[in-house]
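# Per-entry structural report
So the chains spell out like this:
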Amino acid sequence: MPKFGQQIRFCKSRDGAQIAMASIGRGPPLLRTAHWLSHVEHDARSPVWTHWLDELSRDHTYIRYDQRGCGLSDRSPPSTCFEAWIEDLEAVVEAQGLKSFPLFGMSQGGAIAIAYAARHPDRVSHLILFGAYGKGVLRRNITEQEREEAETLVKLIRLGWGRDNPAFRQVFTSQFIPDGTTEQHQWFNDLERISASPDNAVAIVEQLYQLDVSAEAASLRVPTLVMHSRHDARVPFEQGRQLAGLIPSARFVPLEGRNHVLLPGEPAWPLFLQEFRAFLGDAGGSSPSLRQAGLTASEYAVLTLVARGLDNAAIAAALSKSEKTVRNQVSSIFSKLGVGTRSQAIVLARDAGIGEAP
C-alpha cells in the first residue's frame, strides 16, 4: 500500500445509483474511469493491481471508482446502459470537486473517458488511453466465427460466473493476464466472482459489445496519449491503432507483450510508466535529476533493467533489441545523467525508486 492510504467514499449518480470511489496518494488529481472487473477494496490487496496503485499515486492523488453493478458500487442499479456509465463519471467528478484533471481510461473505460472528454473538454487536461477501443465487438467488421466466439463468452458467464469452480472464469483470466503467475491467475478468478453477479456481468458485457464512440473520438480536442500492447489477448492491437488514428493529434505508443493488464516485471511496464509520466509532465517520478536528464521512454526502460543488475545481453533479450542498440542507449543514458560508470547510474536510478525488484 502506498504511503498515503486509501480512502473510500460514496456518491450518487443522476438516477440514484450509489457509486464507490477510492482515492490514494497526495498531489494533483489523476482520475481513472471505471471498468467492469473492479472492486476498490479488494484491488488494494491484489498482486495484479497494487503496483498500479503504488506508481500512479506516487505523484498524484489517484482516484478510481467501481462501475455500477460491480465491487462496492450499487449491485442493483436502475440501469447498466452506456449513458449511465458517463453519468457515473460526471457524479464522481462533482463529488471529488475536480475542476481540471488528467483522465485515464483502460479497456472499456477508454470509451467512457472519450465520451466524457467530448462533452467536457474544459475539464480534461490530458487524456490517457490504454488497451482501449472505440467500437464494441458487435460493432466491428468481424467474421461469423468471431461473432460466435463473442456470443459463447456471454453463455460462459451465464453458466459459470458464480460457481466455486473457476474453470469458466479462467477463460477470461487467460485473456486479461495470459502471462500471469498462478497466484495472479487465482486472484483474478476470485475477482471475477466477487466483483459482479452473473446477471450483472452479462448485462455489462452485452453493453460493451454494442458501444461505439467513434464520432466522439474524432471530435476530441484534448491532448491524448494512446498505448496498447502489441499482442493484447483481450483487445486486439488493431483496435488501439484505429482509435489513435481517429483522435486528432493523438500520440500512439505500441508496447510489447500479451497482457491486457500490465504486470510488474514485464518490460512494457516501465515503458508504460515513463510514457505516462512524460505525457503528464513529471517524467522520472519524483527525482528532479532524472526529470531534467531528458531520457527517452526507451532509455528509461533500459535504465530500469540496468538498475536491476542486468547486463547488456540480458537487457537486449528482455526488450527484444540488439545488444549493439542497448550498448548505444546505455552510453546515451550515462551522458545524460552525467555519470561515468554503471554503478553510478544504478545509484541514481535506485535513489529515484527505479529498478526495484518486482
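Described below are features of the structure shown in this document.

Right, let's talk about the overall build of the protein for a bit. Looking only at helices and strands, one finds 16 helices and eight strands in the protein. Its C-alpha atoms give the protein a radius of gyration of 20 Å, near enough to 21 Å, the size a compact globule of 358 residues would have. For the protein, with 358 residues in total, the buried portion stands at 56%. Taken as a whole, the protein presents about 14,700 Å² of accessible surface, with 48% of it coming from carbon and sulfur. Taking the average location of the 38 positive side-chain charges in the protein and that of its 39 negative ones, the two points are 4 Å from each other.

All right, on to the sheet that holds strand 8 (residues 251-255) then. A sheet is described by the order of its strands in space; here eight strands give the open sequence 1-2-4-3-5-6-7-8, paired in mixed fashion. Edge positions in the sheet fall to strand 1 (7-12) and strand 8, since each of these pairs with one other strand and no more. Between one strand axis and the next, the sheet turns through 20 degrees on average, direction left out of account. The pairing of strand 3 (residues 29-32) with strand 5 (residues 101-106) spans two bridges and is classified as parallel. Looking across to strand 5, one finds that Arg32 is bridged to Phe104.

Glancing now at unusual backbone geometry. One non-glycine residue, Ser107, lies in the positive phi region at around 55 degrees. Here Ser107 lies in the loop between strand 5 and helix 4 (109-119). Of note in the backbone geometry, Ser249 takes a positive phi value of approximately 65 degrees without being a glycine. Residue position: Ser249 is located in the loop between helix 10 (237-246) and strand 8.

Here we take up helix 15 (residues 323-337). Spacing of three or four residues puts side chains on the same side of an α-helix, whose turn is 3.6 residues. In this model, helix 15 (15 residues) spans 21 Å end to end at C-alpha, consistent with the 21 Å of a helix rising 1.5 Å per residue. Taken together, the buried positions of helix 15 are Val326, Gln329, Val330, Ile333, Phe334 and Leu337. In an axial view of helix 15, the angular spread of the buried residues amounts to 145 degrees, which keeps them on one side of the axis. Exposed side chains of helix 15 directed beyond 90 degrees from the buried face belong to Lys324 and Ser335.

Calculation notes
Residues numbered from 1 in each chain as written. Predicted model: local features only at pLDDT ≥ 70, side-chain atom pairs only at ≥ 80, totals over all residues. Heavy atoms only, no water. Helix = DSSP H or I, 4+ residues; strand = E, 2+ residues; numbered from the N terminus. Rg over C-alpha atoms; globule rule 2.2 N^0.38 Å. Buried < 20%, exposed > 50% of the residue type's maximum accessible area, 1.4 Å probe, protein only. Areas by Shrake-Rupley, 256 points an atom, 1.4 Å probe, with all protein chains shown as cover. Lys, Arg positive; Asp, Glu negative; His and termini not counted. Charge placed at Lys NZ, Arg CZ, Asp CG, Glu CD. Pairing = 2+ DSSP bridges. Axes fitted to C-alpha atoms, helices over the stretch in contact; angles between N-to-C directions. Expected span 1.5 Å × (residues − 1). Arc of directions from axis to C-beta.

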